[in-house]
Amino acid sequence: HDILAYAAGEDVKINGEEKNGKKRNFVETIEAQISLKNYDPVRDKRFSGTFKLPTVPRPNLKCCVLGNAAHCEQADRIGVDHMSVEDLKKLNK
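One structure accompanies this document, and this report is about it. (Residues numbered from 1 in each chain as written. Predicted model: local features only at pLDDT ≥ 70, side-chain atom pairs only at ≥ 80, totals over all residues. Heavy atoms only, no water.)

## Details of the pattern of salt bridges
Condition: One speaks of a salt bridge when a side-chain nitrogen belonging to Lys or Arg is within 4 Å of a carboxyl oxygen belonging to Asp or Glu. Only protein chains enter the accessibility calculation, which uses a 1.4 Å probe; a residue is then buried when its area is under 20% of its type maximum, exposed when over 50%, and partly exposed in between. Counting from the N terminus, the helices are the DSSP runs of H or I reaching at least four residues and the strands are the DSSP runs of E reaching at least two.
Evaluation of the coordinates by the stated rule reveals two salt bridges. Notably, a salt bridge pairs K19 with E17, separated by 3.8 Å at the nearest N-O pair. Of the residues examined, K19 reaches a relative accessible area of 34% and is grouped as partly exposed. You can call E17 partly exposed: its relative accessible area is 45%. Among the ionic pairs, E73 bridges to R77, the shortest N-O distance being 3.6 Å. Of the two residues, E73 and R77 both sit in helix α2 (residues 69-78), four residues apart, roughly one turn of that helix. The pair E73 / R77 is uniform in exposure class, with both members exposed.

Written as structure tokens, this is what we have:
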């Protein structure tokens, strides 16, 4: 909580001491990778599922679907950029 306020440029109190925050001109991110000992994801299905984050980690993230005609049609329906196999061949030339 205090880290986010500090990164937004607000004054925060750390160990009873007032610190001036620094406004950042970029989004700060953290990548975490977790490994579990003695866990085989193919055999064990204990941790299957998804978790939705409370905030969007990358609001300006752009993606492009690479696929066949069926995938391109689905991407077109939901409004996502897409490229077919023929489009990729044109890029290679």
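## Some remarks on the state of the cysteines
For clarity, the cut-off: Pairs of cysteine sulfur atoms within 2.5 Å are identified as disulfides in what follows.
Under the defined criterion, the tally for this structure stands at zero disulfides. Of the cysteine sulfurs around C64, a residue in no disulfide, the closest is that of C63, at 7.6 Å. Not engaged in a disulfide, the cysteine C72 finds its nearest cysteine sulfur in C64; these two sulfurs lie 8.1 Å apart. Its relative accessible area of 9% is what places C72 among the buried residues.

## Here's the deal with the environment of I30
Mapped onto the elements, I30 comes out in the loop between β2 (17-19) and β3 (64-66). Assessed through its relative accessible area of 80%, I30 is described here as exposed. A sequence separation of 27 residues divides I30 from P57, and the C-alpha atoms of the two residues are 9.7 Å apart.

## Some points on a nonpolar patch on the surface
Rule in force here: Like-charged residues within 9 Å of one another, or nonpolar side chains (Val, Leu, Ile, Met, Phe, Trp, Tyr) within 5 Å, are grouped into patches, provided each residue has over 30% relative accessible area and no salt bridge. Shrake-Rupley sampling with a 1.4 Å probe provides the accessible areas, and residues are treated as covered by the protein chains on show and by no other component.
On the surface, L66, L88 and L91 cluster together to form a nonpolar patch covering roughly 300 Å² of accessible area. Turning to its location among the elements, L66 is positioned in strand β3. On the accessibility criterion, L66 (55% relative accessible area) is exposed.

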